[in-house]
Amino acid sequence: MELIYMDHAATTPLDQRVLEYMLPTLQDVYGNASSVHRKGQEARKLVEEARSKIAEVIGATPREIYFTAGGTEADNLAIFGVAEALGLTKGRHLITTSVEHHAVQDSFLKLQEIGFDITFLPSDQYGRVNPQDVAEAIRPDTILVSIMHANNEIGTIQPIAEIGKITREKGVYFHVDAVQTVGHIPVDVQTMNIDLLSLAAHKFYGPKGIGALYVRRGVRVKPHIYGGAQERGLRAGTENVPGIVGMGKAIELAVAEMEERGKKEIYLRDKLIEGILKIPDVRLNGHPTERLPGNVNVSILYIEGESILLSLDLEGICASSGSACTSGSLDPSHVLLNIGLDHATAHGSLRLTLGKDNTEEEVDRVLEVLPTVVHRLRVMSPIWPENLLK
Ligand SMILES: *Cc1c(COP(=O)(O)O)cnc(C)c1O
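These figures come from a predicted structure and were not determined experimentally.

Draft legend 1. Local environment of the pairing of strand β4 (residues 117–121). The sheet contact formed by strand β3 (residues 93–97) and β4 spans five bridges and is parallel. From the neighbouring strand, Ile95 faces β4, where its bridge partner is Thr119. Read as a crossover between parallel neighbours, the route from β3 over helix α4 (residues 102–113) to β4 is right-handed.

Draft legend 2. Expanded view of helix α3 (residues 71–86). Compared with an ideal rise of 1.5 Å per residue, which puts 16 residues at 22 Å, α3 spans 23 Å between its outermost C-alpha atoms and is within 8% of the ideal. Of all 16 residues making up α3, 13 are buried, and the element is well covered by its neighbours.

Draft legend 3. Spotlight on the confidence of the model for the protein chain. Here the protein chain averages 96 in pLDDT, and 98% of its residues register 70 or above. Mean pLDDT across the elements of the protein chain ranges from a minimum in helix α13 (residues 385–388), with 90, to a maximum in strand β6 (residues 173–177), with 99.

Draft legend 4. The sheet that holds strand β10 (residues 295–300), seen in detail. Pairing within the open sheet is antiparallel, and its three strands lie in the order β9-β10-β12. Each edge of the open sheet carries a strand with a single partner, namely β9 (282–284) and β12 (349–353). Across the sheet, the mean angle separating the axes of adjacent strands is 25° when strand polarity is ignored. Bridge count between β10 and β12: five bridges; the pairing is antiparallel. Counterpart to Val296 in the pairing with β12 is Leu352. Seen against the sheet, helix α8 (residues 258–276) touches β9, β10 and β12 and runs at an angle of roughly 10° to β10.

Draft legend 5. Examining the side chain of Lys53 more closely. Its location among the elements puts Lys53 in helix α2 (residues 38–58). Look past the residues within four positions of Lys53 in its chain and what remains in contact with it is Tyr21, Gly248, Lys249, Ile251 and Glu252.

Draft legend 6. How the structure looks around the domain arrangement of the protein chain. Along its sequence, the protein chain is carved into domain 1 (4–12 + 258–382) and domain 2 (16–256). At the junction of the two partners, domain 1 supplies 28 residues and domain 2 supplies 36 residues. Here domain 1 packs against domain 2, burying approximately 2,700 Å² in sum over the two surfaces, 52% of which is carbon and sulfur. Broken down residue by residue, the surface that domain 1 buries against domain 2 is led by Thr12, Met258 and Leu292, which jointly contribute 27%. The tally of links between domain 1 and domain 2 comes to one salt bridge. One salt bridge in this structure joins Arg128 and Glu290, with 4.0 Å as the shortest N-O distance. Elements with a contribution of two residues or more to the side of domain 1 that touches domain 2: α8, β10 and α10 (334–338).

Draft legend 7. Local environment of the side chain of Thr353. Tracing the chain through its elements places Thr353 in strand β12. Looking at Thr353, its side chain comes within polar contact range of the main-chain nitrogen of Ala9, at 2.9 Å. Once residues within four sequence positions are removed from consideration, Thr353 is found in contact with Met6, Asp7, His8, Ala9, Gly294, Asn295 and Asn358.

About the criteria used
- Residues numbered from 1 in each chain as written.
- Predicted model: local features only at pLDDT ≥ 70, side-chain atom pairs only at ≥ 80, totals over all residues.
- Heavy atoms only, no water.
- Pairing = 2+ DSSP bridges.
- Helix = DSSP H or I, 4+ residues; strand = E, 2+ residues; numbered from the N terminus.
- Right-handed = clockwise from strand over helix to strand, strands pointing away.
- Expected span 1.5 Å × (residues − 1).
- Buried < 20%, exposed > 50% of the residue type's maximum accessible area, 1.4 Å probe, protein only.
- pLDDT = per-residue confidence, 0-100.
- Axes fitted to C-alpha atoms, helices over the stretch in contact; angles between N-to-C directions.
- Contact = heavy atoms within 4.5 Å.
- Domains from an automatic or database assignment.
- Buried area = accessible area lost by both parts, 1.4 Å probe.
- Salt bridge = Lys/Arg side-chain N within 4 Å of Asp/Glu carboxyl O.
- Polar contact = N/O pair within 3.5 Å; in protein donor to acceptor, adjacent residues only side chain to side chain.

Right, dumping it as structure tokens:
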């Protein structure tokens, strides 16, 4: 049985070309990038090349890129870093949304616990935040606005450039979790007026455990990992040379192939959505057009997302759900609840996220398998109306 991987929002496979580019750094290029000798400088050169590539792609300068151990750490560094830098002087109010990734949401909940004042802005039924709401929430003591570029669950793309205009006018730092968008759709920290931006390599066919935070020159952030002068004092710890080098190669390929990958994913995404919506009692979650190229998220009424995943897995199809257990919690996804889904509908969610190597044959196979799986599960469901009639 051929495996069909449609969970690219969770992580992407490592591109073979990235692996080959990384190999020397796992073998001969073992020097510590902070060492003065030639082995160290050999590694340093590769690290700085990667930094430049990443900076160029998002419209930054190399000195504004700080490597971290992934997207979660970049988000934490941005949020706690600004809170600590400005919390005792400018103010203790921060603004975010109710549909953020847990890396952002949980950081804000922690800040709230230790006495910061956090505004969680609502979203509309598609998961979009209204820029006007951002403008109205900003106060004299607001130190940060943090809003994701695109949602990892429902794929909705936020009006980042509009929000950036507002935060810039009001003189408030703007952090964007762009982990789902860098390498997939254009991101430009200049035109979007972004001050801090998180990215992670494993979401664009790079290695896991490496990410970066862009910090605009002059923006004040305190470190939250101590122990050395690496990354210009903002993030201590020996540089992950293989990770950094892989991230540089992955972003280079992602940008070179962005248009081609995007076109293909959008075509497959729309075909998949159209086909799935033919199943009765299925609704699309997320925005119909302002949506990541590879994202499909639907609620399939009367059944559990969890059981759909298990059935699909038996057919060799890897997908995801915003329903319980997978995340180790009993509540369905906060994103689905915040766009207005009731618990039952949120529990019946299915996320299929396409990547650059998915094919039309794979989409056809999913469209062949899914209706059968759904029908079989509904026949066993105590809440399926056709069962209630019996
Ligand atoms: C994956 C993801 C993260 C976390 O990144 P890691 O590298 O897995 O720590 C943060 N935000 C969003 C939107 C993501 O999709």
